[in-house]
Amino acid sequence: MPRFKKIKFDGATVTLEWTDGGRKWEKVEVFTGRELPHPDFTAALAACVPVVLDLLELPDEYAHGMTVRGVSLSVDDEGHEGAVVTCLKALDAVPAPLVLNTPHVSTRENAEGEPSMPDALGDALETIKREAQCYLAGGKRAQADLFSDAEIDAAEAAGV
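Attention in this report is confined to the structure presented alongside it. (Residues numbered from 1 in each chain as written. Predicted model: local features only at pLDDT ≥ 70, side-chain atom pairs only at ≥ 80, totals over all residues. Heavy atoms only, no water.)

**Re unusual backbone geometry**
Note the threshold: Helix and strand assignments come from DSSP, with helices taken as H or I runs of at least 4 residues and strands as E runs of at least 2, each series counted from the N terminus.
At E57, a position not held by glycine, the phi torsion is positive, near 55°. One can find E57 in the loop between α2 (49-55) and β4 (66-75).

Below you can see the structure in the form of structure tokens.
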């Protein structure tokens, strides 16, 4: 799986940015897809909302009108993963949403010996990365497949 740097969905376009680089060089690639993602992709992003509320010390009611638009991912020199989650919060008084970014959280242990990244966010990020990989591979989109994977495999084996 590529090492994703950014995974975003603005409601119409999926943008995936990843790298295959090492410590001395980095090749960054960007994929933009205008085909809607599978509902599992959007559900994985939405699963971050409770964690975002907790990180930003916001009340649960604030979840109404909040949409996770993307995650920015990092890995430090020692292999500790980090993330920033970007959300939009619909506002009643103005037509533009409020943009909220979490602080950078990491699997690196802090002074208390605990990572700043909550386990729930780490789990959600793994699901988001897996869904992004499925989207990138072309096999999982909002439009349902006409045939199951088993049917496609059987047809290919039969030479159809």
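**Some points on the pattern of salt bridges**
The cut-off we apply is this: In what follows, salt bridge is the name for a side-chain nitrogen of Lys or Arg lying within 4 Å of a carboxyl oxygen of Asp or Glu. Buried means the residue's accessible area, taken with a 1.4 Å probe over protein chains only, is under 20% of the maximum for its type, while exposed means over 50%, and partly exposed covers the values in between.
The final tally for this structure, using the stated rule, is 5 salt bridges. As a salt-bridge pair, R108 and D76 come within 2.6 Å of each other at their nearest N and O atoms. Here R108 is found in the loop between β7 (105-106) and α3 (119-137), whereas its partner D76 is found in the loop between β4 and β5 (81-89), with 32 residues between them in sequence. Given the relative accessible area of 34%, R108 is considered partly exposed. With a closest N to O distance of 3.2 Å, R108 and E78 form a salt bridge. Placement of R108 in the loop between β7 and α3 and of E78 in the loop between β4 and β5 is noted, with a sequence separation of 30 residues between them.

**Section: the side chain of E17**
Cut-off, in case you're wondering: We score Asp and Glu as negative and Lys and Arg as positive, and we do not count His or the chain ends. For this analysis, residues touch if any pair of their heavy atoms sits within 4.5 Å.
Looking at the secondary structure, you find E17 in strand β2 (residues 14-19). K6 provides the closest opposite charge to the buried, salt-bridge-free E17, at an N-O distance of 5.0 Å. Once you skip the residues sitting within four places of it in the chain, E17 turns out to touch R3, F4, K5, K6, V28, E29 and V30.

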